[in-house]
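Residue strings, one per chain:
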Amino acid sequence: YRLNDAMSNISCGISQQVSGVFMKSIGLLAYVLLYENFRLLDIPNTWWSYLLLFLGIDCLYYFFHRYCHEINIFWGTHVVHHQSEDYNLSVALRQSAFQSLISSVFYLPLAILGFDPIPFLLLNTLQTLYQFWIHTEAIRKMPSWFEFVFNTPSHHRVHHGRNPEYIDKNHGGTLILFDRIFGTFQEEKAPVVYGVTKPLSTWNPIWANFDYYKTLWQEFILVKGLGNKFRLLIEKPGWRPASIGGPLFPPAVDR
């Protein structure tokens, strides 16, 4: 642990928790309203429904997480978590103050299907808590069967790497199965270089939430045409029309 990095990580976590009180409350309220008024089924609270609900939460988390890496405007709500160039438990606390605005929407189909809000809140919390412990270099590998099924420190180290072969891989939450199914799994092989390809040049936890959007706004102004401006927001980070030249974001490097 480096003191300046760890303090920046923890401070980002504090701001995320403070803003999350409001944003997550709105998301949970939307879930409850959909469940009470628009649910298609009355799913009982049994062990098998809890298992299905857990799988549903983890699957939807996978797609939320993946799209946060693949859609430019969503990446701005997630990049904070990847800015640290260290990898330890404090990095797990480094979260964007705005990410829950996006994540809450992805879980709403579970309310429409008919999964009770209380079990949803419980299992969603447990799914999040599991991910805290995989932010460590202290554990190299778990048993092979565990590595095949679950997200582990090894798998998640890959996810935090900016090595070209590691970028946008291993998006799973508790399980790694959805990465295997949808082709985004990458085993840890080469030493991981942590961080983002355009490093954050400050320890300021407030600015960490806005730095990416400042650059995105600069690109938005440079890009000509409404179609290209819209594409800039929904394409992968770093995309720009060929006529503009190279992106403001430099390509990934392995160093």
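Given the structure is predicted, the values throughout are model-derived calculations rather than measurements. (Residues numbered from 1 in each chain as written. Predicted model: local features only at pLDDT ≥ 70, side-chain atom pairs only at ≥ 80, totals over all residues. Heavy atoms only, no water.)

## What to know about the overall build of the protein
Looking only at helices and strands, the protein has 13 helices and zero strands in total. Counting from the amino terminus, helix and strand elements in the protein follow one another as α-α-α-α-α-α-α-α-α-α-α-α-α. What you see for the protein is a C-alpha radius of gyration of 19 Å, in line with the 18 Å of a compact globule of 255 residues. The dimensions of the protein, computed from C-alpha atoms along their principal axes, are 55 × 45 × 35 Å. Within the protein, the fraction of its 255 residues that count as buried is 49%. (Helix = DSSP H or I, 4+ residues; strand = E, 2+ residues; numbered from the N terminus. Rg over C-alpha atoms; globule rule 2.2 N^0.38 Å. Buried < 20%, exposed > 50% of the residue type's maximum accessible area, 1.4 Å probe, protein only.)

## A short note on the packing of helix H12 (residues 211-222) against helix H13 (residues 226-234)
The contact between H12 and H13 brings their axes to 9 Å, and the two run at 160 degrees. One element, H12, and the other, H13, form an angle in the roughly antiparallel class. For the pair H12 and H13, the sense of crossing is right-handed. Facing H12, whose interface residues are Leu216, Glu219, Phe220 and Ile221, H13 presents Lys229, Leu232 and Leu233. (Axes fitted to C-alpha atoms, helices over the stretch in contact; angles between N-to-C directions. Parallel < 35°, antiparallel > 145°, perpendicular 65-115°, else oblique. Left-handed = near helix turned anticlockwise from the far one by under 90°. Contact = heavy atoms within 4.5 Å.)

## Thoughts on the pattern of salt bridges
Taken as a whole and judged by the stated rule, the model has ten salt bridges. Between Arg39 and Asp42 there is a salt bridge; the shortest N-O distance is 2.7 Å. A residue is classified by how much of its surface remains accessible, and Arg39, at 31% relative accessible area, is partly exposed. Overall, the relative accessible area of 63% leaves Asp42 in the exposed class. Here Arg140 ties to Glu188 by a salt bridge, and the two come within 3.7 Å at their closest N and O atoms. Linking Arg140 in the loop between helix H7 (117-132) and helix H8 (144-149) with Glu188 in the loop between helix H10 (177-182) and helix H11 (205-208), this pair joins segments that are 48 residues apart in sequence. Sharing partners across several salt bridges, the network here consists of Arg2, Asp5 and Asp86. (Salt bridge = Lys/Arg side-chain N within 4 Å of Asp/Glu carboxyl O.)

## Comments concerning the state of the cysteines
Evaluated as defined, the whole model comprises zero disulfides. You can see Cys12 has no disulfide; the closest cysteine sulfur is in Cys68, sitting 16 Å from it. The class of Cys12 is buried, set by a relative accessible area of 0%. (Disulfide = S-S within 2.5 Å.)

## Notes on the side chain of Ser15
You can see Ser15 is positioned in helix H1 (residues 3-38). A polar contact is formed between the side chain of Ser15 and the backbone oxygen of Cys12, at a distance of 2.8 Å. Residue contacts for Ser15: discarding those within four places in its chain leaves Ala97 and Asn209. (Polar contact = N/O pair within 3.5 Å; in protein donor to acceptor, adjacent residues only side chain to side chain.)

## Topic: the nonpolar core
Counting residues in hydrophobic clusters, the biggest one holds 18 residues, and the most contacted among them are Tyr31, Leu53, Ile57, Tyr107, Leu110 and Phe120. Going through the elements one at a time, H1, helix H2 (47-70), helix H5 (99-106), helix H6 (108-113) and H7 are the ones with two or more residues in this core. Among the elements that make up this core, the one with the highest residue count is H2 (six residues). Not counting residues up to four positions away in its chain, the partners in contact with Leu110 are Tyr31, Leu53, Gly56, Ile57, Leu60, Phe115 and Phe120. Counting residues in hydrophobic clusters, the runner-up holds eight residues, among them Val79, Leu216, Val223 and Trp239. (Core = buried A, V, L, I, M, F, W, Y, C linked by side-chain atoms within 4.5 Å.)

## Side note on the packing of H1 against H7
One can describe the packing of H1 onto H7 by two numbers: an axis separation of 10 Å at closest approach and a directional angle of 145 degrees. The hand of the H1/H7 crossing is right-handed. Across the interface between the two elements, Leu28, Tyr31, Val32 and Tyr35 from H1 touch Pro117, Phe120 and Leu121 from H7. Residues of the contact of H1 with H7, tallied by class, amount to seven nonpolar, no polar and no charged. (Nonpolar A, V, L, I, M, F, W, Y, C, P; charged D, E, K, R; others polar.)

## Some words on the side chain of Asn124
As for its placement among the helices and strands, Asn124 is situated in helix H7. Using a relative accessible area of 16% as the deciding quantity, one classes Asn124 as buried. If sequence neighbours within four positions are ignored, Asn124 has contacts with Ile57 and Tyr107.

## Description of the packing of aromatic side chains
Throughout the structure, instances matching the rule amount to 17 aromatic pairs. What links up through ring pairs into an aromatic cluster is the set Tyr61, Tyr62, Phe63, Phe64, Tyr67, Phe106, Phe178 and Phe182. Over the ring of Phe185 we find Arg180; its NZ or CZ atom is 4.1 Å from the centre of that ring. When the ring centre of Phe220 is taken as origin, the NZ or CZ atom of Lys229, which lies over that ring, is 4.7 Å away. (Phe/Tyr/Trp six-rings, centres within 6.5 Å; stacked < 30°, edge-to-face > 60°. Lys NZ or Arg CZ within 6 Å of the ring centre and 35° of its normal.)

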